[in-house]
Amino acid sequence: MYEIDIHLLENPYSIFIKKGLLNHIGDEIKKIYSNEKIAIITDKNVENLYGKNIIDSLKEKDFDVKLIVVEPGEQSKSIDTLKKVYEELLAFEITRGDLIIAFGGGVVGDLGGFAAATLLRGIPFIQIPTSLLAQIDSSVGGKVAINLDQGKNLVGNFYHPKAVFIDPDLLKTLHPRFFKDGMAEVIKYGCIKDSGLFEQLKKYPSKEALMKEIEQIIYKCCSIKKEAVEKDEKDLGERMLLNFGHTLGHAIEQYYQYKKYTHGEAVAIGMYHITQKSEAIGITKQGSSNLIKEILIQYGLSYSFPEMNKSENIEAIGLDKKNKGTHMNIVLLEEIGKSFIKKIQREEITQYL
Ligand code: GLY
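Residues numbered from 1 in each chain as written. Predicted model: local features only at pLDDT ≥ 70, side-chain atom pairs only at ≥ 80, totals over all residues. Heavy atoms only, no water.

Trainee: How would you sum up the site of the ligand? Please name residues and give values.
Mentor: Close contacts around the ligand come from D137, K143, K225, R239 and L242, and that covers them all. A distance of 3.0 Å is found between a nitrogen atom of the ligand and a side-chain nitrogen or oxygen belonging to D137. When the ligand sits alone it has 200 Å² of accessible area, and the protein chains cover 86% of it. Of the residues belonging to the shell around the ligand, the class tally is 1 nonpolar, no polar and 4 charged. (Near = heavy atom within 4 Å. Polar contact = N/O pair within 3.5 Å; in protein donor to acceptor, adjacent residues only side chain to side chain. Areas by Shrake-Rupley, 256 points an atom, 1.4 Å probe, with all protein chains shown as cover. Nonpolar A, V, L, I, M, F, W, Y, C, P; charged D, E, K, R; others polar.)

Written out as C-alpha cells, the structure is:
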C-alpha cells in the first residue's frame, strides 16, 4: 500500500492508495476511528455499484452505518441538497464524535465535505474518492464547497479529511469520458512539476498498460499535490500552480455553461493554448506546446480552442472568483516539468487568448 502523510500543523492526515482497498475498508477505518456511527454520503451511481461492498465491510466491523444518497451530477452541489443531507444526518443523530464518509467523485467529496465542515460546527470526515479526478485532485487538500446560482464553489471552506482512502480498482467502472477527464489533470501534474511523469505517460500504448501502473501514477500526482498543499494550505501562492490551464479552462467551461466540456477537457485545451501563447512570447521553451498537444492526442483529449467570442471569454475569466482586482495570476511553463506564477494586468490576458 502506498501512503502519503500530509504534514499540516492543525490537520495532519494520510492518503492510502491500494487496489482492492474498498473491500477491507472496515479494517482500515477501525484503525483510526473508535466510535460506532458512520454516515456515508454517496450518489446513486456509486451506491448501485459499490454500496453493498462498503456497507458490508463496515458492518463486519460492527459499525452502525447510515447511507445518504444524492442524485449524481453537479446539480447536487446545491443548498437544497445540502439541506437534505443535513436533515438525514440529524435524523441519524450524528454527533461531533462520529464520522462522515464522502464516497464518490468530486461532487460528493465537495458536498459531503462541506456538510461535515459545517454541521454541528464540524464533524470528522473521510474521503473515499471514486473518480480519477477526485483520486488525484479534489479529495486531497481540504477544499469543500457547494455552488450558488451566481457561480461554482462560491460557498466553501478548507476542511481537511481525517484520511483519504484511494482504491484504483474503482476506476474500472468509470465511464471512459471521465477517465480521460482525470487524465487531463494527471498530464497537468507532469507539466507543472514532473517531467519524468510526463515522459512516463508518453510510453503507455493503451489504457490497460497504464492501469497496470495506476497506483504509482496516483501516488505521484498526490505527492505533488501534497507538496503544494503543505507549502500553501490556503491557496495563496505555490498551490496556485495546480491551476495551470485552468484560467482558460474555466472560461471555456463557463462559456458553454458546463454542458459541452468536462472540467478536464476544458483544462486540456487551456494548458495547450496558454503554452502555445507563452511560447510565442518567448517565455516558454520552444516545442513545449507541441509536446502537450501530442500527449493530449494520445489520451483522446482535444487541444483546439472552441469558437468563442473573445470579449465574452474575457468576461467569463473576469467572473472567476479567484481573479478579482486589477491584476490576475496565471500559471505558465518554463518548460515541461517547470512552472511558475505570473502576475499580469487584467487586460494583458488578451495576449494569452
Ligand atoms: N484543485 C486545486 C486545488 O485543490 O488547489
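From this point, things continue past the structure.
Trainee: I'd like a rundown of the state of the cysteines, residues and numbers included.
Mentor: Any covalent bond linking the sulfur atoms of two cysteines counts as a disulfide. In the structure shown here, the tally under the stated rule is 0 disulfides. Free of any disulfide, C221 has its nearest neighbouring cysteine sulfur in C222, separated by 6.8 Å. What makes C221 buried here is its relative accessible area of 0%. Of the residues examined, C222 reaches a relative accessible area of 0% and is grouped as buried. (Disulfide = S-S within 2.5 Å. Buried < 20%, exposed > 50% of the residue type's maximum accessible area, 1.4 Å probe, protein only.)

Trainee: Account for empty space enclosed by the protein, naming residues and giving values.
Mentor: Applying the stated rule across the entire model yields 2 cavities of 30 Å³ or more. As for the largest cavity, its lining consists of N243, F244, G245, H246, T247, L248, G270, I274 and V331. Those elements giving two or more residues to the lining of the largest cavity turn out to be α10 (246-255) and α11 (263-281). Tallying contributions element by element places α10 first for the lining of the largest cavity, with 3 residues. (1 Å grid on protein atoms, 1.4 Å probe; cavity = no way out; pocket = protein on both sides within 12 Å on 5 of 7 lines; lining within 4 Å. Points joined across faces, edges and corners; volume = space filled by probe spheres on them. Helix = DSSP H or I, 4+ residues; strand = E, 2+ residues; numbered from the N terminus.)

Trainee: I'd love a proper account of the environment of S34, names of residues and values included.
Mentor: With respect to the helices and strands, S34 occurs in the loop between α1 (25-32) and β3 (37-43). Accessibility expressed as a relative area gives 72% for S34, which makes it exposed. Between the alpha carbons of S34 and F63 there is a distance of 9.5 Å; along the sequence they are 29 residues apart.

Trainee: How would you explain α10 if you had to name every residue and give the values?
Mentor: Counting buried positions along α10 yields 8 of 10 residues, so the element is predominantly enclosed. Listed as buried for α10 are H246, T247, L248, G249, H250, A251, I252 and E253. At the exit of α10 stands Q257, carrying a positive phi of roughly 50 degrees.

Trainee: Which residues make up helix α3 (residues 79-91), and what values do they have?
Mentor: Over its 13 residues, α3 runs 18 Å from end to end, which matches the ideal 18 Å to within 8%, given 1.5 Å per residue. For α3, the full list of buried residues reads T81, L82, V85 and L89. Down the axis of α3, the sector holding all buried residues measures 100 degrees, keeping them to one side. With respect to the buried face of α3, the exposed residues turned more than 90 degrees away are D80, K84 and A91. Among the residues trailing α3, E93 stands out with phi positive, at a value near 60 degrees. (Expected span 1.5 Å × (residues − 1). Arc of directions from axis to C-beta.)

Trainee: Describe unusual backbone geometry, naming the residues involved and giving the relevant values.
Mentor: With a phi angle near 60 degrees, E93 is a residue other than glycine that sits in the positive phi range. A relative accessible area of 58% places E93 in the exposed class.

Trainee: Just give me the short version of the nonpolar core, but keep the residues and values in it.
Mentor: Grouped together as the largest cluster of nonpolar side chains are 60 residues, with contacts concentrated most on L132, I187, L201 and L210. Not counting chain neighbours up to four residues away, the residues in contact with I187 comprise F198, L201, M271, I295, L296, Y299 and L301. The next biggest cluster of nonpolar side chains, apart from the first, holds 23 residues, and it includes L22, I40, I101 and F165. (Core = buried A, V, L, I, M, F, W, Y, C linked by side-chain atoms within 4.5 Å. Contact = heavy atoms within 4.5 Å.)

Trainee: Outline the packing of helix α7 (residues 195-202) against helix α12 (residues 288-298), listing residues and values.
Mentor: It is the contact of α7 with α12, at a shortest axis distance of 10 Å, that shows an interaxial angle of 45 degrees. Taken together, the axes of α7 and α12 are oblique relative to one another. For the pair α7 and α12, the sense of crossing is left-handed. Of the residues in α12, those touching α7 at F198, L201 and K202 are L291, I292, I295 and Q298. When grouped by side-chain class, the residues that make up the contact of α7 with α12 number 5 nonpolar, 1 polar and 1 charged. (Axes fitted to C-alpha atoms, helices over the stretch in contact; angles between N-to-C directions. Parallel < 35°, antiparallel > 145°, perpendicular 65-115°, else oblique. Left-handed = near helix turned anticlockwise from the far one by under 90°.)

Trainee: Explain the sheet that holds strand β2 (residues 13-17) residue by residue, including any values.
Mentor: Working definition: the strands of a sheet are paired by backbone hydrogen bonds and lie parallel or antiparallel to each other. Spatially, the 7 strands line up as an open sheet ordered β1-β2-β9-β6-β5-β3-β4, and their pairing is mixed. A single partner strand is all that each edge strand has here, and the edge strands are β1 (2-6) and β4 (64-70). Pairwise comparison of adjacent strand axes, ignoring direction, gives a mean angle of 15 degrees for this sheet. With 5 bridges connecting them, β3 and strand β5 (residues 99-104) associate as parallel partners. From the neighbouring strand, A39 faces β5, where its bridge partner is I100. Seen against the sheet, helix α2 (residues 44-60) touches β3, β4, β5 and β6 (125-129) and runs at an angle of roughly 160 degrees to β3. On the sheet, α3 packs against β3, β4 and β5 and is oriented at approximately 165 degrees with respect to β4. (Pairing = 2+ DSSP bridges.)

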